[in-house]
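In case you want the letters, here they are:
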Amino acid sequence: MNIDIPEGKDPILYVWGEMVPGIGLAASNFSLSVYEHTTLGLREFEAARLRIAQINGCAFCLDWRTERDGEKVEEEFAEAVTDWRTTDAFDQRTRLAAEYAERYALDHHALDEEFWARMTGQYSQTEIVELTMSIGSWLAFGRLNHVLGLDTVCVLPGH
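First things first, this report covers the structure right here in the doc. (Residues numbered from 1 in each chain as written. Predicted model: local features only at pLDDT ≥ 70, side-chain atom pairs only at ≥ 80, totals over all residues. Heavy atoms only, no water.)

## Overview of the packing of helix α3 (residues 42–56) against helix α8 (residues 125–148)
Argument step 1. One way to put it is that α3 packs onto α8 with a least axis distance of 9 Å and a crossing angle of 30°. With respect to α8, the axis of α3 lies roughly parallel. The way α3 lies across α8 gives a crossing that is right-handed. Between α3 and α8, the contacting residues are Phe45, Ala48, Arg49, Ile52, Ile55 and Asn56 on the first element and Leu131, Ser134, Ile135, Trp138, Leu139, Gly142, Arg143 and His146 on the second.
Argument step 2. Taken together, the residues that form the contact of α3 with α8 break down as eight nonpolar, four polar and two charged. (Axes fitted to C-alpha atoms, helices over the stretch in contact; angles between N-to-C directions. Helix = DSSP H or I, 4+ residues; strand = E, 2+ residues; numbered from the N terminus. Parallel < 35°, antiparallel > 145°, perpendicular 65-115°, else oblique. Left-handed = near helix turned anticlockwise from the far one by under 90°. Contact = heavy atoms within 4.5 Å. Nonpolar A, V, L, I, M, F, W, Y, C, P; charged D, E, K, R; others polar.)

## Quick word on a nonpolar patch on the surface
Argument step 1. A cluster of nonpolar side chains, contributed by Met19, Val20 and Ile23, occupies part of the molecular surface with about 280 Å² of accessible area.
Argument step 2. Looking at the secondary structure, you find Ile23 in helix α2 (residues 21–36).
Argument step 3. When its relative accessible area of 62% is taken as the criterion, Ile23 is described as exposed. (Patch = residues over 30% accessible without salt bridge, like charges linked within 9 Å, V, L, I, M, F, W, Y side chains within 5 Å. Areas by Shrake-Rupley, 256 points an atom, 1.4 Å probe, with all protein chains shown as cover. Salt bridge = Lys/Arg side-chain N within 4 Å of Asp/Glu carboxyl O. Buried < 20%, exposed > 50% of the residue type's maximum accessible area, 1.4 Å probe, protein only.)

## Regarding the packing of aromatic side chains
Argument step 1. Scanning the model with the defined rule gives 11 aromatic pairs in all.
Argument step 2. Ring centres of Trp16 and Phe141 lie 5.1 Å apart, and the angle between their planes is 65°; on these two criteria the pair is classed as edge-to-face. Within this pair, whereas Trp16 is found in helix α1 (residues 11–19), its partner Phe141 is found in helix α8, the two being separated by 125 residues in sequence. Assigned by exposure class, Trp16 and Phe141 land together as buried.
Argument step 3. For the ring pair Phe115 and Trp116, a centre distance of 5.3 Å and an interplane angle of 75° mean the geometry is edge-to-face.
Argument step 4. The class for Phe115 is buried, based on a relative accessible area of 0%.
Argument step 5. Aromatic ring contacts, followed pair by pair, group Tyr100, Tyr104, Phe115 and Trp116 into a single cluster.
Argument step 6. Lying over the aromatic face of Phe45, Arg68 brings its terminal NZ or CZ to 5.1 Å of the ring centre.
Argument step 7. In this arrangement the basic side chain of Arg93 is found over the ring face of Tyr123, its NZ or CZ atom lying 4.1 Å from the centre. (Phe/Tyr/Trp six-rings, centres within 6.5 Å; stacked < 30°, edge-to-face > 60°. Lys NZ or Arg CZ within 6 Å of the ring centre and 35° of its normal.)

Now the structure itself:
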């Protein structure tokens, strides 16, 4: 870990809550709101989230699976996200969500008219903004946790 955590302190709560409470609380609220207020389908949400987790290398994010109404994506879903270009496990919206996440993270300047024509053919303007904000949240905070080494000390609920 790249940040010293006092003995007995939860690393995430300490870094996000105690070290920089004015920033950390706002960041935490934004991060949580992506999950609490999403209107996107679970598969497209998870395709984008997992693609960012794969790019960031965040151990916590890679292990996490979003649950809605007792449902999670299937175990093989993460592998399909890696192979988003060729998998037959995705519909067009899910494939586009993974593609958008990857291009947003790695080459946002290459989001050209052809890409936007495909996106607007599958997603409403509101959904595009929501997906964009979600991807931004995952990219920023997943990288933050990975860079500081917090992703290796976080424990998922039930683990």
